[in-house]
Amino acid sequence: MENLEGRLTKLALKGDQRAFAELVELYKDKIYHLGYRMLNNRHEAEDIVQETFLRVYRNLDRYDDNQKFSTWIYRIATNLCIDRLRKRKPTYSLDAELGDQEGTDGYSLIPSDNVTPESELLLSETQRTIYQAIDELPVKYRSVMILRYLQDLSLQEISDVLDMPVTTIKTRVHRGREFLRKKLGPRL
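Residues numbered from 1 in each chain as written. Predicted model: local features only at pLDDT ≥ 70, side-chain atom pairs only at ≥ 80, totals over all residues. Heavy atoms only, no water.

Looking at an unreviewed UniProt entry, one finds the protein chain named RNA polymerase sigma factor, with Paenibacillus forsythiae as its source organism. Under the Sequence similarities (unreviewed entry) heading, UniProt states for the protein chain: "Belongs to the sigma-70 factor family. ECF subfamily." (UniProt positions renumbered as here; feature names shortened; annotations may be inferred.)

Structure (structure tokens):
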């Protein structure tokens with residue numbers, strides 16, 4: 001994967017539009033998922049994807065090929081999400097969980113050998129509860145928890161994305177887990 005990214009990035013730097021289009025294809029779903037989990041809004045996540053690739057395209061000449069492309073693009077997307085969260089005014093709605101099932105994701109659609117309607121409902125409710133608890137995390141913990149557990153990045157990769165020491169990342173993961181444990185303890 002890194003070798004492919006490296007070749008595509010070098011070609012895109014030389015002006016190859018198809019190479020850049022392939023980079024977009026490789027990362028658009030991952031960036032959307034990151035944006036959706038951080039912002040909890042489908043439309044804003046789509047905006048983040050577009051804005052991320054616009055920034056990547058405009059700043060491709062600034063890309064340091066000594067670092068992984070994935071780290072660079074995740075940093076851009078994460079910073080855009082954090083900026084949006086900072087600008088967002090808190091809104092509270094009694095109907096927040098209603099709507100067109102935005103809270104469901106691909107994980108709940110994966111079939112298993114022993115799926116029953118009851119177990120599927122329980123899993124869906126548990127996931128919704130966990131995602132809701134993640135949404136209640138302060139931004140500095142939410143971004144780390146999403147990158148660690150939903151995007152499955154290593155502590156070092158998160159450190160690179162957020163440009164923070166690994167020890168800070170470890171502390172934020174620990175505190176985020178403690179926060180979730182306190183929030184979810186009574187619910188689960």
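Next, the rest of the story.
*Asks:* Any chance you could explain the packing of aromatic side chains here in plain terms?
*Replies:* Any two aromatic rings considered together are summarised by their centre-to-centre distance and by the angle between their planes. Overall, the coordinates contain six aromatic pairs when judged by the stated rule. Relative to Phe69, the ring of Tyr63 lies with its centre 5.6 Å away and its plane at 75°, an arrangement referred to as edge-to-face. Just as Tyr63 is buried, Phe69 falls in that class too. One aromatic cluster in this structure is built from Tyr27, Tyr63, Phe69 and Trp72. (Phe/Tyr/Trp six-rings, centres within 6.5 Å; stacked < 30°, edge-to-face > 60°. Buried < 20%, exposed > 50% of the residue type's maximum accessible area, 1.4 Å probe, protein only.)

*Asks:* Would you mind showing me how to read helix H6 (residues 139-150) here?
*Replies:* Residues spaced three or four apart along an α-helix point in a common direction, a consequence of the helix completing one turn every 3.6 residues. For H6, which comprises twelve residues, the first-to-last C-alpha distance of 15 Å matches the rise-based estimate of 16 Å (1.5 Å per residue) to within 8%. Taken together, the buried positions of H6 are occupied by Tyr141, Arg142, Ser143, Val144, Met145, Ile146, Leu147 and Leu150. The first or second residue beyond H6 is Asp152, which carries a positive phi of 60°. (Helix = DSSP H or I, 4+ residues; strand = E, 2+ residues; numbered from the N terminus. Expected span 1.5 Å × (residues − 1).)

*Asks:* What exactly am I supposed to notice about unusual backbone geometry here?
*Replies:* Backbone geometry follows two general trends: most residues other than glycine have a negative phi, and most peptide bonds adopt the trans configuration. One non-glycine residue with positive phi stands out, namely Asn40, at about 55°. The residue Asn40 is located in the loop between helix H2 (17-39) and helix H3 (42-58) in this model. For Asn40, a relative accessible area of 37% gives the class partly exposed. Positive phi, normally seen in glycine, also occurs at Asp152, with a value near 60°. Of the residues examined, Asp152 reaches a relative accessible area of 63% and is grouped as exposed.

*Asks:* Explanation requested: the packing of H2 against H3 in the structure shown.
*Replies:* Packed helix pairs are characterised by how far apart their axes lie and by the angle those axes make with each other. Where H2 meets H3, the axes come as close as 8 Å, and the angle between the chain directions of the two elements is 140°. The handedness of the crossing between H2 and H3 comes out as right-handed. Residues Gln17, Phe20, Leu23, Val24, Tyr27, Lys28, Ile31, Tyr32, Gly35, Tyr36 and Leu39 of H2 lie in contact with H3, whose contacting residues are Arg42, Glu44, Ala45, Glu46, Ile48, Val49, Thr52, Phe53, Val56 and Tyr57. Taken together, the residues that form the contact of H2 with H3 break down as 14 nonpolar, three polar and four charged. (Axes fitted to C-alpha atoms, helices over the stretch in contact; angles between N-to-C directions. Left-handed = near helix turned anticlockwise from the far one by under 90°. Contact = heavy atoms within 4.5 Å. Nonpolar A, V, L, I, M, F, W, Y, C, P; charged D, E, K, R; others polar.)

*Asks:* Explain the nonpolar core here, please?
*Replies:* Side chains of nonpolar character tend, in soluble globular proteins, to be buried together. Judged by nonpolar contacts, the single largest core of 44 residues is most densely connected at Ile31, Val56 and Phe69. Secondary structure elements with two or more residues in this core: helix H1 (2-13), H2, H3, helix H4 (69-87), helix H5 (117-135), H6, helix H7 (155-162) and helix H8 (166-184). At ten residues, the largest contribution of residues to this core is made by H4. Taken together, domain 1 (1-93 + 106-114) and domain 2 (116-188) each give at least three residues to this core, which thus spans both. (Core = buried A, V, L, I, M, F, W, Y, C linked by side-chain atoms within 4.5 Å. Domains from an automatic or database assignment.)

*Asks:* Before we go on, may I ask you to explain the pattern of salt bridges in this structure?
*Replies:* Close approach of charged atoms allows side chains of opposite charge to pair. Summed over all chains, the structure comprises nine salt bridges. A salt bridge links Arg84 to Asp47; its shortest N-O distance comes to 3.6 Å. Of this pair, Arg84 sits in helix H4 while Asp47 is found in helix H3, placing the two residues 37 residues apart along the sequence. Among the salt bridges present, the one from Asp83 reaches Arg86, with a minimum N-O distance of 4.0 Å. With a gap of three residues between them, Asp83 and Arg86 both fall in helix H4, about one helical turn apart. The class of Asp83 is partly exposed, set by a relative accessible area of 33%. (Salt bridge = Lys/Arg side-chain N within 4 Å of Asp/Glu carboxyl O.)

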